[in-house]
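If you want the building blocks of each chain, they are given just below.
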Amino acid sequence: MRRKRIGFAAAAVACAAFAAWVAVATAAPAKPAATKVTLQLKWVTQAQFAGFYAALEKGYYDKEGLDVSIKVGGPSITPETVVAGKRAEFGLDWLPNLFATREKGSNLVSIAQVYARSGMTELTWKSSGINTIKKMRGKKVGVWCCGNEPELFAALQKNGIDHSNSSDVTIVNQPFDMQLFLKNQVDAAAAMTYNELAQVLETKNPKTGKLYTLKDLNVFKMASPSVGTGMLEDNVFVRSDWIADKANQATAVKFLKASFEGWIYCRDHRQECVNFVLKNGSLLGRGHQTWEMNEVNALIWPNPRGIGLPPPGSVAQTANIAKTYGVIKKAPKGATNYAYAAKALAQLKAAHVNVYGKTWKKATVKVTAGGK
């Protein structure tokens, strides 16, 4: 009986060992650690960046094996400086500013062009009589610092106004709200179609008690034929030495693919992406972000080449305007490389994802008081 007990115990141990071996042998392989990268935004949390937040919230980055941190910007943050200083792998800013920073010695390169067209404007009050760019001579003109000036400075230069000469014009460093303009402390103010223009329209005219309307404003669109200095804006860029590494090239393609998926999602699910923006700490309300999401989509869609690739001739046009009006001294070389965006697009198209947005139509969004 003693021998039988020993035999049964040994058999039990053997069975347990075999079961453990089978479990290990058939277990799914461990998931590799996600690649950590950081994206430095151009501005504070708002629908301007909704596609990136959507990629985070919908798990598109995670699906690509990426652990993405999104750093907000602000009026005193220059994304090019952050990326050049190795505090972020990816940055988002306007293309002419990337050209200008390269001319000063940075090794940054644009790898994707998110916005296909310019949303930059300059506002004046109809009552001011400043109904042309030329009439800004001798006035206080607001614009944001740190890479947001090129389109306005080019427009002033085109009209014979030297932005660096205080006798010609007083340039005022504008904060991220429109209070200077609303209080008539500047004669003209910078305003994106998707943000600051809405901030003015969401404000009550103290004389009437009603919201301001477009009839109260002169809106100078930089991309319009009458101004003619619209340049490409939000682009994704990296350091040249970083992207030279093959592993980083693969990471860049994954990042762009997931980001494009996020923007495509926001094209087709506008209200849900507004929720993503609000969840991530927007300083402005739902009404404002609903307006902004609609206007941002209008700068991205449609894109005949696919999101991430600039429309034909637009990079050369941006460089030409920047050079003609003194933003840069010579045409940039090696400043763009869209091979990684093209690879990301190819993967999405192979999965039958609509990367063009040919049938997208702008919605009608009602302005709400205070953007609420």
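1. Concerning the nonpolar core
Then comes step 1: Within the largest apolar cluster, 98 residues are counted, with the highest numbers of intra-cluster contacts made by Phe52, Phe90, Val236, Phe255 and Leu256.
Then comes step 2: Aside from chain neighbours lying at most four places away, what touches Phe255 is Leu39, Phe52, Tyr61, Leu66, Val68, Phe90 and Val236.
Then comes step 3: One finds Val172, Ala189, Ala191 and Ala198 within the second-largest nonpolar core, a separate group that totals 17 residues.

2. What about the packing of aromatic side chains?
Then comes step 1: Enumeration over the complete set of coordinates arrives at 9 aromatic pairs.
Then comes step 2: Centroid distance Phe52 to Trp263: 5.8 Å. Interplanar angle 85°. Geometry classified as edge-to-face. You can see Phe52 sitting in helix H2 (residues 50-57) and its partner Trp263 sitting in helix H10 (residues 246-268), a full 211 residues away along the chain. For the pair Phe52 and Trp263, a shared accessibility class is recorded, and that class is buried.
Then comes step 3: Seen from the ring of Trp94, Lys42 lies directly overhead, with NZ or CZ sitting 4.4 Å from the centre.

3. Examining the environment of Ala54
Then comes step 1: With respect to the helices, strands and loops of the structure, Ala54 is situated in helix H2.
Then comes step 2: In sequence terms Ala54 and Pro75 are 21 residues apart; their C-alpha atoms lie 24 Å from each other.
Then comes step 3: Contact partners of Ala54, with chain neighbours within four places excluded, come to Tyr60, Gly262, Cys266, Cys273 and Phe276.

4. Remarks on the pattern of salt bridges
Then comes step 1: Summed over all chains, the structure comprises 8 salt bridges.
Then comes step 2: A salt bridge links Arg137 to Asp168, with the shortest nitrogen-to-oxygen separation between them at 3.2 Å. Of this pair, Arg137 sits in the loop between strand E5 (120-125) and strand E6 (140-143) while Asp168 is found in the loop between helix H6 (150-158) and strand E7 (170-173), placing the two residues 31 residues apart along the sequence.
Then comes step 3: The residue Lys362 makes a salt bridge to Glu295 at a minimum N-O spacing of 2.9 Å. With Lys362 in the segment after helix H14 (339-350) and Glu295 in helix H12 (residues 286-300), this pair connects stretches of sequence that are 67 residues apart.
Then comes step 4: Judged by relative accessible area, which is 46%, Lys362 ranks as partly exposed.

5. Looking at the sheet that holds strand E4 (residues 108-113)
Then comes step 1: What the 5 strands build is an open sheet, ordered E2-E1-E3-E10-E4; its pairing is mixed. Lying at the two open borders of the sheet, with one neighbouring strand each, are strand E2 (66-71) and E4. On average, each strand axis in the sheet is tilted by 30° relative to the strand beside it, whichever way the strands run.
Then comes step 2: As paired elements, strand E1 (residues 35-40) and E2 share 6 bridges and run parallel to each other. Its bridge partner lying in E2, Leu39 is registered against Ile70.

The rules we used
Residues numbered from 1 in each chain as written. Predicted model: local features only at pLDDT ≥ 70, side-chain atom pairs only at ≥ 80, totals over all residues. Heavy atoms only, no water. Core = buried A, V, L, I, M, F, W, Y, C linked by side-chain atoms within 4.5 Å. Buried < 20%, exposed > 50% of the residue type's maximum accessible area, 1.4 Å probe, protein only. Contact = heavy atoms within 4.5 Å. Phe/Tyr/Trp six-rings, centres within 6.5 Å; stacked < 30°, edge-to-face > 60°. Helix = DSSP H or I, 4+ residues; strand = E, 2+ residues; numbered from the N terminus. Lys NZ or Arg CZ within 6 Å of the ring centre and 35° of its normal. Salt bridge = Lys/Arg side-chain N within 4 Å of Asp/Glu carboxyl O. Pairing = 2+ DSSP bridges. Axes fitted to C-alpha atoms, helices over the stretch in contact; angles between N-to-C directions.

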